[in-house]
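Coordinates in review
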Amino acid sequence: MELSVYNIKGEDTGRKVTLSDAIFGLEPNEHVMYLDVKQYLANQRQGTHKSKQRHEVQGTTKKLKKQKGTGGARAGSMKSPVFIGGGRVFGPQPRDYGFKLNKKTKRVARLSALSTLAQEGKVALVETITLDAPRTKDFLSILTGLKLNNGKKTLLVTGEANKNVLLSARNIQKVTVATPIALNTHDLLNTDTLLLSEDGLKSLEQLYTPAE
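Report on the accompanying structure. In this text, all values refer to a predicted model and were calculated from it rather than measured experimentally. (Residues numbered from 1 in each chain as written. Predicted model: local features only at pLDDT ≥ 70, side-chain atom pairs only at ≥ 80, totals over all residues. Heavy atoms only, no water.)

1. Some thoughts on the sheet that holds strand 6 (residues 193-197)
Using the following cut-off: The pairing criterion is simple: DSSP has to find at least two bridges between the two strands. Here a helix means four or more residues in a row that DSSP labels H or I, a strand means two or more in a row labelled E, and each is numbered from the N terminus. Axes, fitted as lines to C-alpha atoms, cover a helix only where it is in contact. Angles between the N-to-C directions of the axes lie from 0 to 180 degrees. Pairs of residues are marked as contacts when any of their non-hydrogen atoms sit within 4.5 Å.
Reading across the sheet, the six strands line up as 2-1-3-6-4-5 and stay open at both edges, with mixed pairing between neighbours. Each end of this open sheet is capped by a strand with a single partner; those strands are strand 2 (12-18) and strand 5 (175-178). Between one strand axis and the next, the sheet turns by 30° as a mean value, whatever way the strands run. Judged from the four bridges that link them, strand 3 (residues 123-126) and strand 6 form a sheet pairing that is parallel. Paired with Ala124 across the two strands is Leu195, which belongs to strand 6. Together, strand 1 (2-6), strand 2, strand 3, strand 4 (154-157) and strand 6 form the strand contacts of helix 7 (residues 198-208), whose direction differs from that of strand 6 by roughly 95°.

Structure, rendered in structure tokens:
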């Protein structure tokens with residue numbers, strides 16, 4: 001698959017780059033993508049939910065009425081879950097929702113997500129973006145030139161962390177900046193355009209191309 005390289009003004013430079021089939025030409029595996037996204041979302045959960053059980057609520061443990069002869073059901077402590085203010089049965093308790101996922105599985109999931117974006121025509125290539133100072137206005141002009149300032153989600157992948165680019169983009173809604181090492185399947189599948197800088201593509205290929 002070939003992509004045209006655009007400059008930061010949105011002009012076609014006349015150069016084309018062939019995307020690696022080892023990264024962008026795979027048959028997507030939907031199940032491993034699901035598992036990777038599931039793990040990502042599970043890791044976002046704080047797991048601090050808590051309800052009080054009957055031994056934790058405040059109240060008397062005195063028997064409310066005699067065992068027999070009242071014509072009603074037997075009743076003991078006011079802390080019983082059947083009474084208002086009593087403890088909760090099988091309520092949520094603090095827990096860690098994270099689960100283990102093999103590194104190879106996560107690798108396949110991310111490559112599948114990249115291949116999915118390529119097949120859907122959602123990958124664009126731009127020259128390496130450099131800014132002299134962190135200015136949101138300058139970054140917005142780049143997006144406008146690339147016709148990406150349209151309210152849709154854009155994920156920009158740069159070769160290395162660039163403080164000026166990161167600061168310029170962080171106040172723009174639906175725009176995310178990441179390096180190849182920080183990419184995850186959730187963010188890849190949750191974007192409308194994957195914008196790769198040339199150095200970002202090179203770093204991505206170095207990261208995911210198997211060593212010979």
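2. Concerning the pairing of strand 2
Bridge analysis of strand 1 against strand 2 gives four bridges, and the strand direction is antiparallel. Looking at strand 2, one finds that Tyr6 is bridged to Asp12. From the end of strand 1 to the start of strand 2, which pair antiparallel, there are five residues, and Gly10 there has a positive phi angle of about 90°.

3. Comments concerning the packing of aromatic side chains
Put simply, the test is: What counts as a ring pair is set by centres within 6.5 Å for rings of Phe, Tyr and Trp (its six-membered ring), and what kind of pair is set by the plane angle: stacked under 30 degrees, edge-to-face over 60, tilted for all other angles. For a lysine, the NZ atom is tested; for an arginine, the CZ atom; a charge sits over a ring if that atom is within 6 Å of the ring centre and within 35 degrees of the ring normal.
Summed over all chains, the structure comprises zero aromatic pairs. The side chain of Arg45 reaches across the aromatic face of Tyr97, ending 3.6 Å from its centre. Over the face of the ring belonging to Tyr97 we find Arg95, whose NZ or CZ atom lies 3.9 Å from the ring centre.

4. Remarks on helix 3 (residues 103-119)
Keep this limit in mind: Multiplying 1.5 Å by the residue count of a helix minus one yields the expected span of that helix. Burial classes follow relative accessibility: with a 1.4 Å probe on protein chains only, a residue under 20% of its type's maximum area counts as buried, one over 50% as exposed, and anything between as partly exposed.
Counted at 1.5 Å a residue, the expected span for helix 3 with its 17 residues is 24 Å, and the 24 Å between its end C-alpha atoms agrees. Within helix 3, the full set of buried residues consists of Thr105, Ala109, Arg110, Leu111, Ser112, Ala113, Leu114, Ser115, Thr116, Leu117 and Ala118. Of the surrounding elements, those touching the buried residues of helix 3 are helix 1 (21-24), helix 2 (30-44), strand 3, helix 6 (185-189), strand 6 and helix 7.

5. Concerning the pattern of salt bridges
Pairing between side chains of opposite charge can happen when the charged atoms of each approach one another. The test is simple: By definition, a salt bridge exists where a carboxyl oxygen of Asp or Glu is found within 4 Å of a side-chain nitrogen of Lys or Arg.
This structure, assessed with the given rule, holds six salt bridges. Residue Glu127 is joined to Arg15 by a salt bridge in which the shortest nitrogen-to-oxygen separation is 3.7 Å. Note that Glu127 is positioned in the loop between strand 3 and helix 4 (136-145) and Arg15 in strand 2, a separation of 112 residues in sequence. Given a relative accessible area of 27%, Glu127 falls into the partly exposed group. For Asp138, the salt bridge goes to Arg135, with nearest N and O atoms at 4.0 Å. Assessed through its relative accessible area of 28%, Asp138 is described here as partly exposed. Taking the relative accessible area as the measure of exposure, Arg135 reaches 43% and is therefore partly exposed.

None of this, on its own, says anything about what the molecule does.
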